[in-house]
Structures are given as C-alpha cells and as structure tokens.
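# Summary of structural features
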Amino acid sequence: MKLNRIGMILIACALAAITLVVTLLVVRQHDRQAAQIRIKGVGLVKSLSTVPMPVVTANGGNGGILGALLAYHDNGDFAYAAIGSADGRILAEVAGRGSMTPAVALPASAAAGFGERDLAQGGAPALREFYGPLADRSSGQLFVRVGFYQPRYALPAQDVSFLALLALAMFLVVPVVYLMLKREMMPLAALSDQLRSLARPDKADGANDADMRDLIAGMRGYLDQAGARIAQLEQGALNATADNRLLQYGSKKLHAALQSLPDGLLMLDPGGEVSFASGKIEPLLGIPRERLLGQPLESWCCDPALRTLLGRYSGGLRDHARAGGAASGSVDFAPVNVEGRQLSATAQPLSGGHGTMSFGTLVVLRDVTRECLARQAGNDFVAHVSHELKSPLNVIGMYAEMLADSDDESLRVESLNVIQDEIERMNALVGNLLNVSKLETGSMSPERNRVRLDDMLRDAYDQALPRAEGKGLRVLLDLPRELDAVAIDKDLFRIALNNLLTNAIKYNRQGGSVTLAARNEDNDIVISVRDTGIGIAAADQGRIFDKFYRVSEGDAPVKRGGHGLGLYLAAQIVELHHGRIVLESEPGVGSTFSIHLKTVPAPAGAAVL
Ligand code: ADP
C-alpha cells in the first residue's frame, strides 16, 4: 500500500513539474507579445502624429499612409489605425480582417499627450489601444488611434515538441524509478504485512509459534538482503577508490616519464594552443612554461619554418590530410631567445579511435647544436685538408716541369729542394691527420711504461739540432743530474715533444734560441720547450690548442704555413698521459710550452726503461 502511495506521489510530482514548466513558458510568451505590441503601438502613434492630415488620410485612409500601414501590419495582432476626434467620431481608418475602430470617446487626458488603454468589446477579443494628438491642426484637434488585439495565454507552437519530449521522458523515468524502489522495498513491505497481520484483532489471543517463526525468518531474510546490498555498495565504493588511485598513480608515472625525457615535449591541442610543455622546453626555447601553456602558436613561435610546420597540423586530422601533410615532419631552427643553439623540431599528429579522432599534435624538440657544429667542422675539415694537400701538389707539379725543361744546375738543385720540402710538409700533414684520427677513434691507446726521460729528451735534442742550426738558431738542453721516473708511452710522447720543438724552431727569429729543459717539481716532472720567437698574443692563447686553430699571419713578412694540428695533437697526447700542458708567451719575446707529468714512485725491484 505504502509503495503504491510512493508511486502516486512520483506521478504527481512529474505532473506538477510539467505543469510548472508549461505555465512558465505560457506566461513568458504572453509577456513578450505584450511588450512587442506596446513597442509597435507607441512607435506607430508617434510617427503618424507628425504627418500632415492629407497625407495620412488620402482617399479616406486607404490611399494614404494608413493604407500602406494596413498592408504592412495586417497580421494576427493588428486591429485598426484611425484618425478621429476626441468624442469618438472616426474621420479615416484602416482595419485588419474582421475588425473595426470602436466609436469610443477618448479619455479627457488624451488632449495632454500620448496614452494607451484597454478596450473590452463584448464577445470579441479585448483590444489594447494607443493614441496621441495629431500635430496638424488644420481640421481642428484630431487624434491618431492604433489598436492591437491583446495577446492570449497560449502555448507557443515552437515549444510544443520540446514539451512533448520532456513529458515523455518524465513518464518513462517515473515507472523505472518506481520499479527500482519497489524492488528495494519489497522485503520491507512483506515484513510490515506480516507484522500487520499479527496485530489483527482476530489474533488477539497472541501470535502462535509458527507466526513468530515466519516473522523472524522474514526479518532475517530482510537483514541478510540489506547487509548484502550494503556490502555490495561498499565494495563498489572501494573499487572506485582503488581505480581512482591507480589512475592517479598511472598519470603521475606518465608525467614523471615525460618530464625526464632528454628531449623537450610540447603538446598542442587541435586548435593549436599549447596544452602540455615538459620541463626541458624552458631551457631549450628560453621561454618559461607559464608563457607557453594555453597560448596560441603566434604568441610564442617566432621562427617562420617552425610556424609553417606546426600550422600544417593545427585544425585536426582532416585539415592536415586535406593539406596533403605527411604523418610527421621536422625542421631545424635557431631559437630566438637562446644564443648559439640549434634545435630540431619533429611534429607528429596525435590520433585515436582508429585515426578518426584528433587529440592535437606532439612536438619533440631536440638540441642538435653539437651535431650541427660537428657537421660544420667536418665540412671545414674536408675543405681545409683538400686545400692543404692541393697547394704542395701544385708546387711540386710546377717544379717538376721546371726540372724536366731546364739544364740549369742551380735551378735543378733548387727545384729538388722545394719538392723535398713540399713532400715533407705533406708527409707531416698526413702523419698528423692519421694520429688525430687514431686519437679520436680511440684506437691510439697508450702503452705506458715507467721510464726516465733523460735519453728520450737527449734524442729529441739531437734530432732538432741540425734543423735549428740550418735556420741560424741555437739549441740548448738543460737537464738536472737526476730526473724522477714517469709512466709514458715513449712513441706517443715523442710526437708531442717533436711538435713543440718544430714550432719553437718554425716560429723563431734569425739568431734566436730554443731551449729544451726538464726539472723535478714537487710530485711532477716539468718538461719545457722555450723559444725566443715571435710569441703568441693573449687573445690567441685561449684557443691555441684547438683543432685547426692557427694564428692569422695577416701581412707578416714571412709566411710560415701550417695546419693547426701540431699543438692540438700535443695537448691530446699529454691528456692521455693524465698530464697538463701550460703556455706562457709574450708577443715579440718568445713562448714557453711546459708539460707537467706526475712522477711514478718506483715499486720495489721494478725495472726502469
Ligand atoms: P701549425 O704550426 O701547423 O700552424 P700548430 O697547432 O702547431 O699548427 O700551432 C698552432 C698555431 O700556434 C700556429 O699557427 C702558430 O701561430 C702558433 N704557435 C705554435 N707554436 C708557437 C710558438 N712556439 N711561437 C709562436 N707561435 C706558435
């Protein structure tokens, strides 16, 4: 019984809600129409009141402005427009279908100005009349009167289908809710029926055991069912919480993974605005993340090539496909806000639902500065080496021709000397290049042995002596009586030492000197090559050990030529021996290159080579 009552209440509530919605709609529609009629009426009266009488009433009204008015306003709510006197006499009028101007006197206040009033018409629909005095008083004081039918309370036709749908939805929902409630409350209803039957007067002598057993069994059944339902709901809530936690954990993990990627990630939504920017983006682009998020492409992207690329992906997959775009595209660019950096941007449309749904665009930004520099250095290297090999070959070719054509003994000797020099130059270049390549590919692994340097330094001195003396230089060797031992690869170290000695001779001046010295200093051995040559300007000293770096010879009187590899190689070899190389130099005075190597204490019984 109780359940049926709930069902009735539900239906009553549904009906009340529908009635309320309908009433509100009807009232709103009525008010809107009344307001429209007022605007039209007041406007018409005001405009007609200024027009001269003959223009308004030409041909008894039908030919003048009134006639035109009828043609324009003859729709449902227009009733009449007329010119008449204050006592209700009509001089000219036009009226809508089935209506006429009521011959009713105007209120006394009409002479004072514009006004409006309601006119009841017996059985006919009520009217709303607007009136005002005519400005043209050539025929005495006359009035313009315009009447409209009062709007009725009715349901707007365009809303009927919406209301029908609403009512249908409510009538469908109410039985479903009712049935669900009924199912939930059924055991309770059965219990209450049982209690009620026990309380009936015919059971006045008290309930027997069987009745009580039924009641208890019913109660237990209900409690079991309610308990099961509660457990089911609790389990549902628990599952939802666990799912939620798992989702949060997954999303945090994904976020952390995206943030720790070595490249920068940007996600643009289909409209082209930034919806995600990883932490790496800020240092790469030099733009704070906050200034990117939610911003359109134009506000942060200044590079035209990148704009064009990303522009191709905005507007979703269909636009992109229509523009004939590839699945992904990339472009290299230099960010405006970070100097000297080169980035590569790869854009990839993000799609789901078997390619029918677009989530926007994924943009991966990678720092390719080093690759670019390496590519540039590689190109420079090939150009440089080709040039360096071509020049001596040209010279050799030229002198070889002279040798073939000339019988002059001195010219032949000179040609042979030049050819010899150029071959040595090429040989030095190729030798240095081979060593550099071995160093850089890691195939030059030093075999370090514990050695005393005295013999090696004497050897190097002996080799340099004739070359230096040939150029009018003095060579000095300055060694202490005893040198500590160091661990070096003799052959490799010899290359470094030779390069320093060659430079000291090459960049020297007539009558100058070269000193090869060594000394023990704390735990180091310091080997120095000192010259009294042209020296190196402070501005060049920082880059002197760079590969291919050469001090510009400008308009120097003597061009010495070279490849900029000797010092680079020397520094690399010293580094392989965990040592360091130090330069002290003064232009016009000379230079000293010092190699510092750690001494190696002799293990008991160890041999020294
Ligand atoms: P290269 O001598 O083939 O040009 P290096 O790497 O040996 O290449 O030297 C690099 C540059 O350092 C040279 O071009 C030269 O200008 C300068 N340089 C090297 N050694 C000396 C030195 N002892 N005195 C003056 N300048 C030197």
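Residues numbered from 1 in each chain as written. Predicted model: local features only at pLDDT ≥ 70, side-chain atom pairs only at ≥ 80, totals over all residues. Heavy atoms only, no water.

Before going further, it helps to examine the site of the ligand. In the vicinity of the ligand lie 19 residues, with Asn503, Tyr507, Arg550, His563 and Leu567 positioned nearest. Within the side chain of Asn503, an N or O atom sits 2.8 Å from an oxygen atom of the ligand. Between the ligand and the protein, one listed contact pairs an oxygen atom with a backbone N or O atom of Gly564 at 3.1 Å. Contact with the protein chains removes 96% of the 530 Å² of surface that the ligand exposes when unbound. Residues belonging to the shell around the ligand are distributed by class as follows: nine nonpolar, seven polar and three charged. (Near = heavy atom within 4 Å. Polar contact = N/O pair within 3.5 Å; in protein donor to acceptor, adjacent residues only side chain to side chain. Areas by Shrake-Rupley, 256 points an atom, 1.4 Å probe, with all protein chains shown as cover. Nonpolar A, V, L, I, M, F, W, Y, C, P; charged D, E, K, R; others polar.)

The next thing to look at is the pattern of salt bridges. Counted under the stated rule, the structure contains 13 salt bridges. A salt bridge links Lys40 to Asp77; the shortest N-O distance between them is 3.3 Å. Taken as a pair, Lys40 in helix α1 (residues 2-48) and Asp77 in the loop between α3 (65-73) and β1 (78-84) lie far apart in primary sequence, 37 residues in all. Among the residues examined, Lys40 registers a relative accessible area of 25% and is labelled partly exposed. (Salt bridge = Lys/Arg side-chain N within 4 Å of Asp/Glu carboxyl O. Helix = DSSP H or I, 4+ residues; strand = E, 2+ residues; numbered from the N terminus. Buried < 20%, exposed > 50% of the residue type's maximum accessible area, 1.4 Å probe, protein only.)

Before going further, it helps to examine the nonpolar core. The biggest cluster of nonpolar side chains holds 51 residues, and the ones touching the most others in it are Leu453, Leu457, Leu497, Leu516 and Ile527. Three or more residues apiece are contributed to this core by two domains, here domain 3 (373-437) and domain 4 (446-598). Filtering out sequence-adjacent residues up to four positions away, Leu453 remains in contact with Leu483, Val486, Ile488, Ile525 and Ile527. Counting residues in hydrophobic clusters, the runner-up holds 23 residues, among them Leu310, Phe333, Ala347 and Leu365. (Core = buried A, V, L, I, M, F, W, Y, C linked by side-chain atoms within 4.5 Å. Domains from an automatic or database assignment. Contact = heavy atoms within 4.5 Å.)

Once that is clear, we can look at the sheet that holds strand β10 (residues 357-367). Strand order in the open sheet formed by five strands is β7-β6-β10-β9-β8, and the pairing between neighbours is antiparallel. Bordering the open sheet on either side are β7 (274-277) and β8 (329-333), each of which pairs with just one other strand. Averaged over neighbouring strand pairs, the angle between their axes works out to 20° when direction is ignored. Relative to strand β9 (residues 343-352), β8 runs antiparallel, the two sharing five bridges. Paired with Phe333 across the bridge in β9 is Leu343. (Pairing = 2+ DSSP bridges. Axes fitted to C-alpha atoms, helices over the stretch in contact; angles between N-to-C directions.)

Side chains on a regular strand alternate between the two faces of the sheet. Two strands pair when backbone bridges link them, and strand β3 (residues 115-121) and strand β4 (residues 124-133) are joined in this way by six bridges, in the antiparallel orientation. Bridge assignment links Arg117 to a residue of β4, and that residue is Glu129. Note that β4 and strand β5 (residues 143-149) share seven bridges and pair antiparallel. Within β5, the residue paired with Glu129 across the bridge is Gly147.

What follows concerns the sheet that holds strand β16 (residues 580-586). The strand order across the open sheet built from five strands is β12-β14-β15-β17-β16, with neighbouring strands paired in mixed fashion. Each edge of the open sheet is held by one strand with a lone partner, namely β12 (474-478) and β16. Recorded for the sheet is a direction-independent mean angle of 15° between the axes of neighbouring strands. Across five bridges, β12 lies against strand β14 (residues 513-521) in parallel orientation. Bridge pairing in β14 links Asp478 to Ala517. Helix α12 (residues 454-470) rests against β12, β14 and β15 (524-531) of the sheet, and its axis sits at about 170° to β12. Across the sheet, helix α13 (residues 490-506) touches β14, β15, β16 and β17 (590-598), and the angle it forms with β15 is around 30°.

Here we come to the pairing of β1. The buried fraction of β1 is high, at seven of seven residues. Inspection of the sheet shows β1 paired to β5 by six bridges, in the antiparallel sense. For Ile83, the partnering residue across the bridge sits in β5 and is Val144. Note that β1 and strand β2 (residues 90-95) share five bridges and pair antiparallel. Following the sheet pairing, Gly84 is matched in β2 by Ile90. With antiparallel pairing between neighbouring strands as the criterion, β1 and β2 make up a hairpin whose turn holds five residues, including Gly88 at a positive phi of roughly 100°.

In short, geometric facts, not functional conclusions.
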